[in-house]
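# Structural overview for review
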Amino acid sequence: MFASRHVVRRVALRQTRRWAHTQPKLQSVTADDVAHFSKILPATSILSTLPPLSTAASELSPFNNDWMNKYHGNSTTVLRPRTTQEVSEIVKHCNERGIGIVPQGGNTGLVGGSVPIQDELVLSLGNMNKVRSFDPVSGILVADAGCILESLSEYLAPHRHIVPLDLGAKGSCQIGGNVSTNAGGLRLLRYGSLHGSVLGLEVVLPDGTILDQLTTLRKDNTGYDLKQLFIGAEGTLGIVTGVSILAAPAPQSTNNVVLALPKFDNVLPLFVEAKKQLSEILSAFEFFDREVYELAVKHGQGRALNEEDIEGAECFVLVETSGGKREHDEEKLNGLLESLMESETPLINTGVLSQSPSQFASLWAIREGLTEAVSKEGKAYKYDISVPLAKFKEVVDATRERLRSKGLLHADAVKHVVGYGHVGDGNLHLNVVAANYTPEIEAALEPFVYELVASYRGSISAEHGIGAMKTHALHYSKGDVSIEWMRRIKTLFDPRGIMNPGKVLE
Ligand SMILES: Cc1cc2nc3c(=O)[nH]c(=O)nc-3n(C[C@H](O)[C@H](O)[C@H](O)COP(=O)(O)OP(=O)(O)OC[C@H]3O[C@@H](n4cnc5c(N)ncnc54)[C@H](O)[C@@H]3O)c2cc1C
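So, here's what we can say about the structure.

Calculation criteria
One numbering rule holds for all chains: residues counted from 1, following each sequence as written. Local features in this predicted model are restricted to residues whose pLDDT is 70 or higher, and side-chain atom pairs enter the listing and the counts only when it is 80 or higher, whereas totals over whole chains, interfaces and linings include all residues. Side-chain descriptors were evaluated using all non-hydrogen atoms of the structure, hydrogens and water having been removed beforehand. In the sections that follow, a salt bridge refers to a side-chain nitrogen of Lys or Arg positioned within 4 Å of a carboxyl oxygen of Asp or Glu. Each helix is a run of DSSP H or I of at least 4 residues and each strand a run of E of at least 2, with the numbering of both proceeding from the N terminus. For the exposure calls, accessible area comes from a 1.4 Å probe over protein chains only, and a residue counts as buried if that area is under 20% of its type's maximum, exposed if over 50%, partly exposed in between. Throughout, near means a residue has at least one heavy atom within 4 Å of the molecule or strand. As used in this structure description, the phrase polar contact means that two N or O atoms lie within 3.5 Å; if the pair is within protein, one of them must be able to donate a hydrogen and the other to accept it, and residues adjacent in sequence are counted only when both atoms belong to side chains. Only the protein chains shown count as covering a residue, and every accessible area follows the Shrake-Rupley method with a 1.4 Å probe. Residues are grouped as follows: Ala, Val, Leu, Ile, Met, Phe, Trp, Tyr, Cys and Pro are nonpolar; Asp, Glu, Lys and Arg are charged; all remaining types, including Gly, are polar. DSSP bridges decide pairing: two strands pair if at least two such bridges lie between them. Axis lines are fitted to C-alpha atoms, over the contacting stretch for helices. Their N-to-C directions set the angle, which ranges from 0 to 180 degrees. Residues count as neighbours in contact if any of their non-hydrogen atoms are within 4.5 Å of one another. By construction, the arc corresponds to the directions joining the helix axis to the C-beta atoms.

### Section: the pattern of salt bridges
The full count for this structure, using the stated rule, is 23 salt bridges. Where E286 meets R367, a salt bridge forms, and the shortest distance between an N and an O atom there is 2.8 Å. With E286 in strand β13 (residues 282–289) and R367 in helix α14 (residues 357–368), this residue pair connects regions lying 81 residues apart in the sequence. Each member of the pair, E286 as well as R367, is classed as buried. A salt bridge links K391 to E394, with the shortest nitrogen-to-oxygen separation between them at 3.7 Å. The class for K391 is partly exposed, based on a relative accessible area of 26%. A residue is classified by how much of its surface remains accessible, and E394, at 39% relative accessible area, is partly exposed. Residues joined in a network through salt bridges with shared partners are D166, K170, R187 and E368.

Encoded structure:
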C-alpha cells in the first residue's frame, strides 16, 4: 500500500514539473486583435488602450485592480459582450491567437482570481444582465451570468421567492461570479451549497463552443454531471454565461438576535442548543469576535449595540430564524432566549432581539459589514478556512502569538488579528489587519496558517477559492493525485491554457 502511494506521488510530481515546463506561451492583445473584436462588438463594449481606441488607462483601472487593492493586472483591453454568441466569438479568436482571458463578474473576489496577472484580456460579464425566465410553480430561475445578486433578489421578491444565496457583496457580485467561486455566504446553513441549488449552466468553452446544460430539471441522471466542474472552477475551464438555479420560497417570518457571550468556549454549546430548540427554523448562526465588532462600529457598519448589553462580552453570535408562522417562530426563539438566561450556568450574557424590520436589518448590517470594516481599517490578509468548530479561537490566538513572537504585533505592522465566520458551516474568516502589505508579515503568516489548517485536516479555502493567492498552497488541502487529475481536466478543456491563467493551478 505504502509503495504504490509512493509511486503515484513520484509520478505526479514528475508530471507536475513537465506540465509547468510545457505551459503554452500566451500572446498579448494587439491593435489587429482590437480591430477583430470591433467586428464582433459595438465600440461602446470595448475599452482598449491600444490604437485606434486609445482609451485612457484610468478607465481600465477598475478592471485591473481587485476589491482589496492587493492584486494588480496590466490588461490593455476589456471586452463587455451582451450575448453568449458574442462571448463565443471572442473566445474562439483568443484561443486561435493564444490570448489569455480573465472572466470578470463584479470583481468582489478576495483571492486575486478576477484580475489579470499580466496583460490578459478581461472579459467582463456586466452587460449580460437579463433574467431569462422564472417559473413561480417550480421556483426555477434562469438568468444571464452577469445579473447582480441583489437585483435577482429584488426580481424574485414580488414572486415570494429568494435566491438561496446571500453575501455582503450582494450589491456588486454577479450570479456567474458566485457560481464560479461556489460562493457560500450567509444562507448556506439553510439552503446548502450551489453544487445543490444550481440546476444547469450555459458555458462558453475555451475553444468557443457553447456548452448548453441550462436544464431546468430537478432530476436528471443522464451520465456525468458536467456542470459541477464549472461550479467553483474560478473561470479556469470556461466562461459561465447562463445560470439555472432553484430559488427558495420566501420565509413568511424572519427574526434575528445578537447574543453576547462571555467566552468563546460557549459558542459550540450554544450552537447545539440553538439547533435543538429552533430546529427547522434556524437559518443562520454567525460568529464574530469582540475586536472585529469594534471595527464594525468604528467604521459605521450597522448600529452599535448598547454598552450595557455587551459589557464583558468576548464574542457574539447572530442567530436568524426563518419560518412560516410569526407566532410559532417567536415562541420558539423566545423559549430559547429564556432557557439561556435562566440556566444556572448561562451560555450568554445577554441578547439583543430585533423588534422591527429596521432593527433586523441593522443587526445583519453589523455582520455583513465586517469584511468592509476590516478593509477600511487597513490592509487585510484574509484566510478563509474550514477547521473544526472547536478550533476557531485556537487558530486566531495561535496566529496572533505567531505575529507577536516575530515582533510584528504593533500599530506600524499588524494592528489586529480577528476572527468571524459562518459557525454553522465550520467556516472561519481569519483576518490579519496590517498597516501595509509587507514581505515580513506574509512570511510570518505563510505557510504558518496553512500548516495549522492542515494539522486539523481543514481546508485552506472554505468559500473564497484559490485564485492567484493560494495556488502554491493547494497541496495543503488536496493530495497529489487529486491535483494531478485537476491538471488533466484543465488540459482537456483548455489545452492552450488561455482561461484565467495562473489561477487555481500553478
Ligand atoms: C464585502 C464582501 C463580502 C463577501 N462575502 C462573501 C461570503 O460571505 N461568502 C463568499 O463565498 N464570498 C464572499 N465574498 C467574496 C466574493 O464576493 C465572492 O467570491 C463572489 O462570489 C464573487 O463574485 P463576483 O461576481 O464579484 O466575481 P469576481 O470577483 O469578478 O470573480 C471571481 C472569480 O470568478 C471568475 N468568474 C467571474 N465571473 C465568471 C463567469 N461568468 N464565468 C467564469 N468565471 C467567472 C473570475 O475569473 C474569478 O476567478 C465577499 C466579498 C466581499 C467584498
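### Quick notes on the site of the ligand
Taken together, 36 residues surround the ligand, and among them P103, G105, G106, T108 and G109 come closest. For the ligand, an oxygen atom lies 2.6 Å from a polar atom in the backbone of P103. Computed on the free molecule, the ligand has an accessible area of 970 Å², of which 97% lies beneath the protein chains in the complex. Sorting the residues of the shell around the ligand by element identifies β3 (101–104), α6 (175–181) and β10 (239–246) as the ones contributing at least two each. Partitioning the shell around the ligand into residue classes produces 11 nonpolar, 23 polar and 2 charged.

### A closer look at the sheet that holds strand β4 (residues 121–124)
What the 4 strands build is an open sheet, ordered β1-β2-β4-β3; its pairing is mixed. Since the sheet does not close on itself, it has two edges, and those belong to β1 (46–48) and β3, each with one partner. Across this sheet, the average inter-strand angle for adjacent strands is 20 degrees, counted without regard to direction. Strand direction decides the pairing type here: strand β2 (residues 77–79) and β4, joined by 2 bridges, are parallel. Opposite L79, over in β4, you have L123 as the bridge partner. This element, helix α2 (residues 31–40), spans β1, β2 and β4 of the sheet and lies at about 170 degrees to β1.

### So, helix α5 (residues 149–156)
Turning to α5, its buried residues are L149, L152 and L156. Projection of α5 onto a plane perpendicular to its axis shows the buried side chains occupying an angular sector of 60 degrees, all on one side. Against the buried residues of α5 lie β5 (131–135), β6 (140–144), β7 (161–162) and α6.

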